[in-house]
Amino acid sequence: MSLEGKTLKVCSCNRTIGVDAKALAKALKAGEALAVHDQLCRKDAGAFQAALTEPDVIVACTQEAALFGELAEQARSSASLKFVNVRELGGWSARGGEATPKIAALVAMAALPEPEPAPAVEFKSGGDLLIIGPAEAALDWAERLAAQLQVSVLINGKGGELPLERRYPVWSGRVTKLQGWLGAFDVEWRQENPIDLEVCTRCNACVRACPESAIGYDYQVDMDRCKSHRQCVAACEAIGAIDFSRAQRERSERFDLVLDLSREPHIRLQQLPQGYFAPGADPLEQALAARELVALVGEFEKPRFFRYREKICAHSRSAKEGCNACIDVCSSGAIRPAGDYVKVEPHLCAGCGGCATVCPSGAMTYAYPTVADLGMRLKTLLATYREAGGKDPCILFHDAREGRAAVLGHGRHHGFPARVIPFEGFHVASIGIDLVLGAIAYGASQVRILVTDKVVDGYIAGLERQLGYAQTILSALGYGGAHVGVLRKLDALGGLAPAATVAKPATFNLSAEKRTTLDFAIDHLAKHAPEPKTEIPLAAGAPYGAITVNKDRCTLCKACIGACPEAALLDSPDAPRLRFIEANCVQCGLCANTCPEDAIRLVPRLTIGAQAKEPVTLHEAEPFNCVRCGKPFGTKQLVDNMLGKLAGHSMYAAAGALKRLQMCADCRVVDMMETKPEASIFDVPR
């Protein structure tokens, strides 16, 4: 990897990092010796300032990125600045002297152009806030926030005391529906108390009139104490706020923000939508939520993290269910069924990428960044590491929040083995089998995915299943060792033994098409495998496999062909024949679920080689010829089954009706026109 005209500034961080300037320059093909500074952020700051005349500057320091940014701003420099961490990730280790290949790889990756930005999803919030909860807490926060936000309150339950002045709407009732996102929350509730707080003038006439003292200053009737005297109704007179027989109890409104103080939140998702806060009864959590709410006024953007192509989605066909993997793994409720396909609400999507990881067909792909962009970074990283003399690289994927903090903390206190290279993504759930096997094909010895306590259990389960398929393939091909897996404790890296690497690293680029990337990676790994195989059994649920057809049951009705979204099942133009291309099959089960004869079974496996891409015949039947013109129009088994099932049916009792079923479509019409009208129930005398 060449720096290609970029200027690199390296610092030993007060001589705590052993940087071999000569070896690093050679690995990066710098063309000239690199100067290693000891205090680039202090006494050597002039060297950084001098470099600001160059168009692209890479600084091997993230500790003082803010300071370097300020210096560039003061100099009014137009230089493009990039920062790369070589201290915690490489040099701060007991074996930091061996980290030059890793440092070179990290710098080379940082020198790559930034990926194309993902499309944006827009939010607009005017600060219209609904507070839901017990009266005392809800009204208290309403008073605190009313000066900054447009507050409304929905009280659930009785108690508390309403304000003397009506400065914001106050309702009571039970929430029946709450859904939406920042700027667009739709809330429905049912008013269950006879007193409508929206109409009530808080005149206290009902409080004084009630003989059981069933009405307090929350202006709600305690139905356990009420004896149905209805004196409160008379006291309310023309105002009409009290109605024990109210028919219209359902209410609905739209809000920009929701503060839910209920004991049990009304949205129970592991990834809550933006703009919705459910801090419960904890005062500190309530205060933190209130602080965030105040800032959520205006126009906002977030990336559109996914891309979806419904054409190859295997969710459903003709109301027959197939794959629900993306729906099951989504922790934000952003994905739901929509007929034969799924619908993703981009405003609810939290960007985990778990849907793309578990999607067998590649209909759902991750776009922040794409697999192609991540693949280019991995390819550059591993190639530079190898050319610099590094061996047995272990890629450590981690996320940009808790994972990053854990990695930097571990690097500060313990350092990483020289062969372990941290690789940051937005969320680890997006690391799919295509990226993992691509890394192994590029020469990685191992891939570990760091999962912190904040990673949802469903994501971890999905990752472990996908990594299990990858490890099965690698082990079957003779690559010894544990290549892939999730990692919960960074301490375990120290005792991790290297696994076998591919003899010749791949040179292809990863594709945005999941199955294409997997085909390239698997073919490369198989080509250089210590123990070549053409067929590898896989666990149930794997995205590869074949099907078997019970020929005694199959009538070649071809319903399975119409149900297959991946063109794995094919018709034959010249004979009643069912053909199958194994490489296209994603094991969604739609063919088996659609088959009216229950004749299809899934066989999870991986077939490697050209034979997987060639159509094979699964079933072929004797054609049935039209009894009138002799033209073949179906299979003998299909017609025989149909005749057997309909022989006793009243609709086919007339002479010639069953014979018509043995004719092709054209002859059937001709026969109906030639045959005299058949008797019907309308011809029977009354």
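This is a predicted model, so every value here is computed, not measured. For every chain, the first residue of the written sequence is number 1, and numbering continues from 1 along that sequence. Local features are withheld for residues below a pLDDT of 70 in this predicted model, meaning they are given only at 70 or higher, and side-chain atom pairs are given and counted only at 80 or more; totals for whole chains, interfaces and linings count all residues. As a rule here, side-chain values cover all heavy atoms of the structure and leave hydrogens and water aside.

Engineer: Can you help me understand the sheet that holds strand β28 (residues 577-580) in this one?
Structural biologist: Sheets are built from strands that pair by backbone hydrogen bonding, the pairs being arranged parallel or antiparallel. If you trace the three strands from one edge of the open sheet to the other, you get β27-β28-β30, paired in antiparallel fashion. Both outer strands of the open sheet, β27 (569-570) and β30 (616-620), are each paired with one neighbouring strand and no more. For two strands to be treated as a pair, DSSP must find no fewer than two bridges joining them. By the criteria applied, helices consist of DSSP H or I runs no shorter than four residues and strands consist of E runs no shorter than two, each listed in order from the N terminus. Pairing geometry for β28 and β30, over four bridges, is antiparallel. Pairing of Phe580 across the sheet is with Val616, part of β30.

Engineer: Even after reading the chapter, I still don't get helix α12 (residues 371-387), so can you show me in this structure?
Structural biologist: Helical geometry note: an α-helix holds 3.6 residues per turn, so side chains three or four residues apart project in the same direction. Expected span, for any helix, means 1.5 Å times one less than how many residues it has. Taking 1.5 Å as the rise per residue, α12 with 17 residues should run 24 Å; its terminal C-alpha atoms sit 24 Å apart, in good agreement. Those residues of α12 not exposed but buried are Val371, Leu374, Gly375, Leu378, Thr380, Leu381, Leu382, Ala383, Thr384 and Tyr385. Considering only its buried residues, α12 is in contact with α1 (21-27), α5 (100-110), β20 (364-366), β21 (394-398), β22 (420-424) and α14 (433-441). The classification of residues rests on relative accessible area computed with a 1.4 Å probe and restricted to protein chains. Under 20% of the type maximum is buried, over 50% is exposed, and intermediate values are partly exposed. It only takes one pair of heavy atoms within 4.5 Å for two residues to be counted as in contact.

Engineer: Where do I start with the pattern of salt bridges in this structure?
Structural biologist: Side chains that differ in charge, positive against negative, can pair when their charged atoms come close. By definition, a salt bridge exists where a carboxyl oxygen of Asp or Glu is found within 4 Å of a side-chain nitrogen of Lys or Arg. Within this structure, the stated rule accounts for 28 salt bridges. Across the salt bridge formed by Glu620 and Arg577, the nearest N and O atoms sit 2.8 Å from each other. Here Glu620, found in strand β30, pairs with Arg577, found in strand β28; they are 43 residues apart in sequence, far enough to count as distant. Across the pair Asp598 and Arg601 runs a salt bridge, and its minimum N-O distance is 3.1 Å.

Engineer: Help me out: how do you make sense of the packing of aromatic side chains in this one?
Structural biologist: Working definition: an aromatic ring pair is given by the centre-to-centre distance plus the angle between the planes. Working definition: a ring pair exists when centres of Phe, Tyr or Trp rings (six-membered ring for Trp) sit within 6.5 Å. Plane angles under 30 degrees give stacked, over 60 give edge-to-face, the rest tilted. Counted according to the given criterion, the structure contains 13 aromatic pairs. With centroids separated by 6.3 Å and ring planes inclined at 15°, the aromatic side chains of Phe68 and Phe83 adopt a geometry described as stacked. Taken together, the residues span a long stretch of sequence, with Phe68 in helix α3 (residues 65-74) and Phe83 in strand β4 (residues 80-83) at a distance of 15 residues. Overall, the relative accessible area of 28% leaves Phe83 in the partly exposed class. Between the aromatic rings of Tyr442 and Phe508, the centroid separation amounts to 5.9 Å while the plane-to-plane angle is 40°, which identifies the pairing as tilted. Highlighted residues: Tyr442 in the loop between α14 and β23 (446-450) and Phe508 in the loop between β24 (484-487) and α16 (514-527), separated in sequence by 66 residues. A single burial state applies to Tyr442 and to Phe508, both of which are buried. By the ring-pair criterion, three or more aromatic residues cluster together here, those being Phe48, Phe68 and Phe83. Here the basic side chain of Arg515 rests over the ring of Tyr544, its NZ or CZ set 4.2 Å away from the ring centre. Placement of a charge over a ring requires the Lys NZ or Arg CZ to be within 6 Å of the ring centre, with the centre-to-atom vector within 35 degrees of the ring normal.

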